[in-house]
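# Analysis of the macromolecular model
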Amino acid sequence: MLSLGHFLEVLMQYETTGREPAVSCVVVDSREAVAGSVFVALTGEHVDGHDYVTAAFANGAQAAIVARPLPGNHHTLDLRSGQPTPEITFQSPLCLVVDDPVAAMQAVAQAWRSRFNTRVVGITGSVGKTSTKELVNSVLERQYRTLKSPGNRNSILGLPPVLLELRPFHQYAVLEMGMYTPGEIARLCDMAKPVVGVVTIVGPVHLERAGSLEAIVAAKQELVESLPANGTAVLSRDDDRVMGMAAHTPARIFTYGLNPAADLWADNIHSMGLEGIRFTLHYDREALSVQAPLIGRHSVHTALRATAVGLVEGLSWDKIVTGLANSRAQLRLVAVPGPRGSTIIDDTYNSSPDSALAALNLLHDLDGRRLAVLGDMLELGYMEEEGHRLVGRRVAGVAQVLVTVGRRGRWIGEEALKVGMARDRVLMVDDLETAVATLQEIIAPQDMILIKGSLGMNMSRIVAALGEG
């Protein structure tokens with residue numbers, strides 16, 4: 001059981017006795033603090049976690065890791081370098097003062113992970129990380145006790161608390177790994193020690209921050225570079241950028257895709273709309289027909305990744321297929337009731353050209369009048385205008401009505417008009433409120449309404465407003 005003694009063991013070479021207070025979990029948001037938790041006070045651009053230490057204690061946290069002594073009714077252990085060795089007391093509430101709370105949390109997480117023989121599957125890529133993580137976990141848990149990173153806790157701040165949830169009974173951990181700056185995935189791998197690395201596809205997501213597609217490839221490649229020689233890199237045979245990573249890892253290479261040259265490939269892909277997909281898997285002279293509750297043809301790649309991990313880790317076909325068919329796998333794209341008997345395809349978590357095209361392909365497979373509500377795609381850098389226009393060319397062949405939201409969204413509308421979409425079918429608005437009002441006027445029974453945009457566009461507010469209507 002994780003205890004405060006384990007924190008001190010790493011931070012000041014304290015020898016644990018086994019009698020130190022147990023830690024229920026580690027949190028970086030004071031609102032998530034519960035009885036027995038440890039709150040890590042992070043300092044960001046707009047929020048200073050030190051301002052919320054008192055709130056964390058009020059919610060039940062027994063300790064906080066901070067960068068400076070704080071006033072208040074609590075006990076303090078100053079563990080900063082250069083300070084005298086403190087007298088150890090575990091009276092709650094307790095502030096542990098360190099030079100760098102982030103580095104302290106990461107060091108404790110890395111040391112804690114090293115205690116276990118848990119096999120770690122790391123997953124990265126520009127799109128599809130979360131759905132892949134969910135389905136890989138669904139497959140592996142058919143046979144093993146697993147831990148998975150919740151939500152999208154895939155960052156240098158979000159993953160350490162997940163690692164600190166490891167317990168001796170966990171045989172596998174399925175962890176999503178995101179990249180914001182070069183070196184972050186390498187640091188995540190230092191902590192997590194993956195033996196299987198899955199790369200989805202590489203595209204211009206966060207291109208504005210990374211600077212170039214080459215920089216994004218190099219950052220994602222850090223996962224396969226970190227794998228041991230007895231590990232496995234699961235790579236997309238359909239993405240040349242991903243396949244280029246094969247030369248940069250000592251691990252075994254296992255490929256997947258729609259190309260028959262892949263180790264595992266699929267064909268005969270049929271979309272059943274909101275009911276899921278059917279396809280045929282091919283592996284080692286075997287062919288297997290599969291049906292899965294995944295929405296959209298593009299989801300076959302998610303199924304291929306999960307199948308690949310299952311095969312690599314020795315699961316039977318029966319367990320793999322059962323895992324693929326598990327409807328409890330929570331994916332981001334969901335269908336919800338809309339006004340007047342319409343259906344909303346809520347894909348508002350984020351957007352990029354690749355994911356928008358995949359969502360439009362799904363919309364194309366659905367019966368009824370098809371409406372596409374598309375907001376700005378952010379952080380595309382030098383591919384910003386072309387990325388939007390690419391989506392505009394596709395939407396013209398899919399939707400009967402297009403509503404764009406935002407300044408960049410107008411490029412989508414302009415391109416749809418340019419390739420022949422009727423002018424009265426393209427509605428370009430500047431804000432969410434106008435989009436909602438427009439949709440409330442035009443939605444008809446049986447309409448299928450795709451709503452998608454970058455997270456910063458808050459397109460989920462459109463879904464919420466239409467649901468209220």
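See above for the structure.
A short tour of the structure in this document, coming up. The model shown is predicted, which means the values in this text are computed figures rather than measured ones. (Residues numbered from 1 in each chain as written. Predicted model: local features only at pLDDT ≥ 70, side-chain atom pairs only at ≥ 80, totals over all residues. Heavy atoms only, no water.)

This paragraph deals with the overall build of the protein. Check the secondary structure of the protein and you find 16 helices and 20 strands. For 469 residues, the compact-globule formula gives about 23 Å, and the C-alpha radius of gyration of the protein, at 24 Å, lands near that figure. By residue count, 55% of the 469 residues in the protein fall in the buried class. Per element, the accessible surface of the protein, about 19,500 Å² overall, is 48% carbon and sulfur. (Helix = DSSP H or I, 4+ residues; strand = E, 2+ residues; numbered from the N terminus. Rg over C-alpha atoms; globule rule 2.2 N^0.38 Å. Buried < 20%, exposed > 50% of the residue type's maximum accessible area, 1.4 Å probe, protein only. Areas by Shrake-Rupley, 256 points an atom, 1.4 Å probe, with all protein chains shown as cover.)

Following the criterion strictly, the structure yields 22 salt bridges and no others. Ionic pairing is found between Arg142 and Glu141, a salt bridge with its closest N-O pair at 3.1 Å. Note that Arg410 is salt-bridged to Asp430, the shortest N-O span being 3.2 Å. With Arg410 in helix 14 (residues 409–418) and Asp430 in the loop between strand 19 (426–429) and helix 15 (432–442), the pair connects residues that are 20 residues apart, well separated along the chain. (Salt bridge = Lys/Arg side-chain N within 4 Å of Asp/Glu carboxyl O.)

Across the sheet, which stays open at both edges, the six strands sit in the order 15-16-20-17-18-19 with mixed pairing between neighbours. Of all the strands in the sheet, just strand 15 (334–337) and strand 19 have a single pairing partner and so form its edges. Put simply, the sheet's adjacent strands are angled 20° from each other on average, direction ignored. In this sheet, strand 20 (residues 448–452) lies alongside strand 17 (residues 370–375) in parallel orientation, the contact comprising five bridges. Looking at the pairing, Ala372 lines up with Leu450 of strand 20. Against the sheet, helix 14 makes contact with strand 17, strand 18 (401–405) and strand 19, and its axis sits at roughly 150° relative to strand 18, the strand it touches most. Most of the contacts of helix 15 go to strand 19, to which it runs at about 150°, and overall it touches strand 17, strand 18 and strand 19. (Pairing = 2+ DSSP bridges. Axes fitted to C-alpha atoms, helices over the stretch in contact; angles between N-to-C directions. Contact = heavy atoms within 4.5 Å.)

Turning next to the layout of surface pockets. Quantified by volume, the second largest pocket comes out at close to 600 Å³. Every residue lining the second largest pocket is counted, 16 residues in all, and those nearest its centre are Leu42, Thr43, Gly44, Val47 and Leu157. For the lining of the second largest pocket, the class distribution of residues is seven nonpolar, five polar and four charged. (1 Å grid on protein atoms, 1.4 Å probe; cavity = no way out; pocket = protein on both sides within 12 Å on 5 of 7 lines; lining within 4 Å. Points joined across faces, edges and corners; volume = space filled by probe spheres on them. Nonpolar A, V, L, I, M, F, W, Y, C, P; charged D, E, K, R; others polar.)

Tracing the backbone through its elements, the reader meets Arg389 in helix 13 (residues 384–395). A polar contact is formed between the side chain of Arg389 and the side chain of Glu385, at a distance of 2.9 Å. Those residues in contact with Arg389, other than ones at most four positions away along the chain, are Trp411, Glu414 and Glu415. (Polar contact = N/O pair within 3.5 Å; in protein donor to acceptor, adjacent residues only side chain to side chain.)

Glancing now at the packing of helix 4 (residues 129–140) against helix 10 (residues 300–312). Put simply, helix 4 and helix 10 touch, their axes get as near as 8 Å, and they point 40° apart. Taken together, helix 4 and helix 10 sit at an angle that is classed as oblique. Relative to helix 10, helix 4 is oriented so that their crossing is right-handed. From helix 4, Ser131, Thr132, Leu135, Val136, Val139 and Leu140 reach across to helix 10, where they touch Thr302, Ala303, Arg305, Ala306, Val309 and Gly310. (Parallel < 35°, antiparallel > 145°, perpendicular 65-115°, else oblique. Left-handed = near helix turned anticlockwise from the far one by under 90°.)

A complete count under the given rule lists one cavity of 30 Å³ or more for this structure. Taken as a whole, the largest cavity encloses approximately 40 Å³ of empty space. Lining the largest cavity are His6, Glu9, Val10, Val108, Ala111, Trp112 and Arg115. Counting only elements with at least two residues in the lining of the largest cavity, the list comes to helix 1 (4–12) and helix 3 (101–113).

Turning our eyes to something else, we now look at the sheet that holds strand 14 (residues 286–292). The nine strands are arranged 7-8-6-9-10-11-12-13-14 in an open sheet whose pairing can be described as mixed. Strand pairing shows two members of the sheet lacking a second neighbour, strand 7 (146–148) and strand 14, which therefore form its edges. On average, each strand axis in the sheet is inclined to that of its neighbour by 20°, with strand direction left out of account.

As a further point, take the pairing of strand 11 (residues 252–257). Pairing between strand 10 (residues 232–236) and strand 11: five bridges, direction parallel. Pairing of Val234 across the sheet is with Phe254, part of strand 11. By the bridge criterion, two bridges tie strand 11 to strand 12 (residues 264–271) in an arrangement that is parallel. Paired with Gly257 across the two strands is Trp265, which belongs to strand 12.

Here we take up the nonpolar core. Residues Phe7, Val26, Val38, Ile65 and Leu175 are the most contacted members of the largest nonpolar core, which totals 42 residues. Those residues in contact with Val38 that lie beyond four places of it in its chain are Leu4, Phe7, Val23, Cys25, Val26, Val27, Ala63 and Ile65. Counting residues in hydrophobic clusters, the runner-up holds 36 residues, among them Leu264, Ala303, Leu304 and Val312. (Core = buried A, V, L, I, M, F, W, Y, C linked by side-chain atoms within 4.5 Å.)

Further remarks concern the state of the cysteines. On inspection of all chains with the given rule, the structure shows zero disulfides. A disulfide-free cysteine, Cys25 has its sulfur positioned 17 Å from the sulfur of Cys95, the nearest such atom. (Disulfide = S-S within 2.5 Å.)

Quick reminder: α-helices carry 3.6 residues per turn. Residues three or four places apart thus point the same way. The end-to-end C-alpha separation of helix 8 (residues 213–226) is 21 Å, in line with the 20 Å expected for 14 residues at 1.5 Å each. Taking the largest bend as the criterion, helix 8 deviates by roughly 30°, centred on Lys220. Taken together, the buried positions of helix 8 are occupied by Leu213, Ile216, Val217, Ala219, Lys220, Gln221, Glu222, Leu223 and Val224. (Expected span 1.5 Å × (residues − 1). Bend = angle between axes of the 7 residues up to and from the residue.)

Omega for the peptide link from Ser92 to Pro93 comes to 0°, which places this bond in the cis form. The residue Pro93 is located in the loop between strand 4 (75–78) and strand 5 (94–97) in this model. Although it is not a glycine, Arg285 adopts a positive phi angle of roughly 70°. Mapped onto the secondary structure, Arg285 falls in the loop between strand 13 (277–283) and strand 14. Even without glycine at this site, Gln446 takes up a positive phi of about 75°. By the secondary structure assignment, Gln446 is in the loop between helix 15 and strand 20. The exposure class assigned to Gln446 is exposed, which follows from its relative accessible area of 55%.

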